[in-house]
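Letter by letter, the chains look like this.
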Amino acid sequence: MFAADPLFSTGIDFGVVLIALAKSIIGFLFVLIGVIFMIWFERKLIADFQNRIGPNRAGPWGMLQTLADGIKLIFKEDLRPDGSDSLVFRLAPYLSVVPAFLTFTIVPIGGIFTGAHQGTVHLFGHDTFLQVADPPIGVLFLLAMSSIGIYGAMLAGWASGSKYPLLGSVRASASMISYEAALGLSVVSVVLMSGSLTTHDIVAAQASGGSILDWNIVVTAFVPFVVFCIAATAELNRPPFDFAEAEQELVGGFHTEYSSMRFGMFYLAEFMNTITMSAIIVTLFLGGPSGPIGPGPDQVWPFFWFLLKLLVFLAAFVWVRGTVPRYRYDQLMDLGWKRLIPISLMWLLFIAGIRIGRDQNWSPVLVPLAAIGLGALTVGLLAGSMRTAAIRREQSDEDDLGEVSA
Amino acid sequence: MVDKIVFFAAAAACLAGAVGVIWSKNPVHSALSLVGTLFGIAIHFVNLGAHFLAAVQVVVYAGAIVVLFLFVIMLLGVDKAEQLEVDPLGGQRPAAAVVAIAGVALLALLAVRGVQVTTGESSKIAALDSGPSNIVLLGRALFTDYVFAFEVTSVLLVIAVVGAVVMARRAPKDEVSAQ
């Protein structure tokens, strides 16, 4: 079924099943331990940004604080409001956690992609990729899972049977749906340049030349990368787009009514999603585990490069949270629909045009020039129409005011 | 062997979801059961080697259309259990019975004459197992043989969007005077 992985090419025996099982468990543990680390890392870093000390009691530098919090959450009383829908209320946390983990399965976390290796690792007599699954639909799986993740937020708020959670869930699901378009369009640019949907092939296409210039962040000329990062932040409901749980307005957002481990699961899903999204950004734009191979055991180096790149993005997410104030809801919708989607759509057409020009041997000067000309025209028309709409709206507002006061 | 097990598991999920859609009194539960059915169909697609269709099934149907249903159900406040004693549409129940009998008869006919209606050949645009990945085949078919249908569909979507915007637009003068 997942034919691309050489693990399954020679038929399925006991060893193959064992490797597949081991990969699933290790992947799960990787994300779980990552979450424990990430929560501590975020709290510590935010504390530094705000001139505090942060967690410092449990374990060295407070590293075991998350573990202590987890144990506390498990032993707390599990409350369920009277007005809630019992089945959906219990289902919603799982709908958040499961897609969050499943998305991580398509991320290649190691393997040498240059030379004869092609990203495979030799384990117990079998060649295999260092990712849990490599489905032929590849990055579409990411989009499918993030659209399932919406259900978690949406149903949690509705099933709570109370008003603030419902408002929070409407905000969360609306922002996730709007930004999925921009997210998908910037992924398409990557797919167009790599020529494949599978994450393994996308990494292989970036690592083949062995230089940074082959990474998709350079190949797709930076714009899809920026759009993807902004859309991912909105998709994760992280600050500055965290109005879904804006404390001043909505108490705690869609999980206001949740307590104990059910709340813990939403918390877990949030951080799992952060790690997964960072890993996806690394995979799609920064060559995944590719990098120079130093001395020592050579299979350790790709894993090291992957972790390093992942850490950069995790730190960046925390940094953004520590410095940028929260957006207003309408500003977020403006940014998503009127800026990011047109930009990513235009950039997709631009890249597609250049790609076709290269395939057809058209002039390498005229094609970009024509594309830029058309792009400028589109931007002009779009800006003009938005301006006209704004002026008309202002006028009609003034008319309204005039009528009311008269 | 494996594909048969997967087929029956997915078929069971589909049917359970379909029954749930009809049986649940709460519209939100019905919508969620529909998601179960759509997932079952996605598994059928994967089982047939149509990975791209499976992904689209989840992204578009489960991820967008049912979410839209849920939005409407939740925000219009019809998420209460339905009053089932009174038919909103007269003659609804006899009509449903007729359609159900016709459907079962059609299925029975297909089952009896099954040898003649299934050719056993693999589909033309996506081979069942070999060849390039289905997205390549599908893309090629869409943008060569079926490009006209594809473009007409895109025009249709644009018309739908423009229509929605026009209908949702507030007519500045009329509304004020109506108040």
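What you see is a predicted model, and the numbers here were worked out from it, not measured in a lab.

(A) Structural context of the nonpolar core. Ranked by size, the top nonpolar core spans 104 residues in total, and within it Tyr151(A), Leu155(A), Phe228(A), Leu284(A), Phe285(A), Phe306(A) and Leu70(B) carry the most contacts. For this core, the leading source of residues is helix H4 (residues 139-159) of chain A, giving 16 residues.

(B) How the structure looks around the interface of chain B and chain A. Across the boundary between the two partners, chain B contributes 27 residues, which contact 27 residues of chain A. Note on chain B versus chain A: buried area summed over both sides is about 2400 Å², and carbon and sulfur give 75% of it. For the interface between chain B and chain A, the tally reads zero salt bridges. Here chain B is connected to chain A by two residue pairs in polar contact (both at pLDDT 80 or more). Secondary structure elements with two or more residues in the side of chain B that touches chain A: helix H2 (27-47), helix H3 (51-75) and helix H8 (172-178) of chain B. Here the residues of the side of chain B that touches chain A are counted per class, giving 19 nonpolar, four polar and four charged.

(C) Just the domain arrangement of chain A, in detail. Residue and element names in this part refer to chain A. In terms of domains, chain A is made up of domain 1 (6-326) and domain 2 (343-406). One C-alpha centre belongs to domain 1, the other to domain 2; they are set 33 Å apart. At the interface, twelve residues of domain 1 touch nine residues of domain 2. At the boundary of domain 1 with domain 2, total buried surface from both sides reaches about 900 Å², with 78% on carbon and sulfur atoms. When residues of domain 1 are sorted by the area they lose upon contact with domain 2, Leu185, Leu192 and Met193 head the list and together hold 52% of the total. Across the domain 1-domain 2 interface, the total number found is zero salt bridges.

(D) Here's a closer look at the packing of helix H8 (residues 223-235) of chain A against helix H12 (residues 329-359) of chain A. Residue and element names in this part refer to chain A. It is at 10 Å that the axes of H8 and H12 come closest, and there the two elements cross at 150°. It follows that H8 is roughly antiparallel to H12 by the angle criterion. Handedness of the H8/H12 crossing: left-handed. Every residue of H12 that contacts H8 at Val223, Pro224, Val227, Ile230, Ala231 and Ala234 is listed here: Leu332, Leu335, Leu340, Ile343, Ser344, Trp347 and Ile351. In the contact of H8 with H12, the residues fall into twelve nonpolar, one polar and no charged.

(E) Broad picture of the side chain of Gln65(A). Residue and element names in this part refer to chain A. Relative to the helices and strands, glutamine 65 is located in helix H2 (residues 65-75). The class for glutamine 65 is buried, based on a relative accessible area of 18%. Sequence-distant contacts of glutamine 65, that is, excluding residues within four places in its chain, are made with Arg43, Pro55 and Ala58.

(F) Local environment of a nonpolar patch on the surface. The grouping of Val60(B), Tyr61(B), Ile65(B), Leu68(B), Phe69(B), Val72(B) and Leu76(B) at the surface amounts to a nonpolar patch, some 630 Å² of accessible area in total. Looking at the secondary structure, you find Tyr61(B) in helix H3.

(G) Up close: the packing of aromatic side chains. Residue and element names in this part refer to chain A. Enumeration according to the criterion identifies 22 aromatic pairs over all chains in this entry. An angle of 5° between the planes, with centres 4.2 Å apart, marks the rings of phenylalanine 89 and tyrosine 258 as stacked. Of this pair, phenylalanine 89 sits in helix H3 (residues 86-104) while tyrosine 258 sits in the loop between helix H9 (247-250) and helix H10 (260-285), and the two are 169 residues apart along the sequence. Exposure class is identical for phenylalanine 89 and tyrosine 258. Each is buried. In this structure an aromatic cluster arises from ring pairing among Phe222, Phe225, Phe228, Phe285 and Phe313.

Conventions and cut-offs
Residues numbered from 1 in each chain as written. Chains lettered and ligands numbered in written order. Predicted model: local features only at pLDDT ≥ 70, side-chain atom pairs only at ≥ 80, totals over all residues. Heavy atoms only, no water. Core = buried A, V, L, I, M, F, W, Y, C linked by side-chain atoms within 4.5 Å. Buried < 20%, exposed > 50% of the residue type's maximum accessible area, 1.4 Å probe, protein only. Helix = DSSP H or I, 4+ residues; strand = E, 2+ residues; numbered from the N terminus. Contact = heavy atoms within 4.5 Å. Buried area = accessible area lost by both parts, 1.4 Å probe. Salt bridge = Lys/Arg side-chain N within 4 Å of Asp/Glu carboxyl O. Polar contact = N/O pair within 3.5 Å; in protein donor to acceptor, adjacent residues only side chain to side chain. Nonpolar A, V, L, I, M, F, W, Y, C, P; charged D, E, K, R; others polar. Domains from an automatic or database assignment. Axes fitted to C-alpha atoms, helices over the stretch in contact; angles between N-to-C directions. Parallel < 35°, antiparallel > 145°, perpendicular 65-115°, else oblique. Left-handed = near helix turned anticlockwise from the far one by under 90°. Patch = residues over 30% accessible without salt bridge, like charges linked within 9 Å, V, L, I, M, F, W, Y side chains within 5 Å. Areas by Shrake-Rupley, 256 points an atom, 1.4 Å probe, with all protein chains shown as cover. Phe/Tyr/Trp six-rings, centres within 6.5 Å; stacked < 30°, edge-to-face > 60°.

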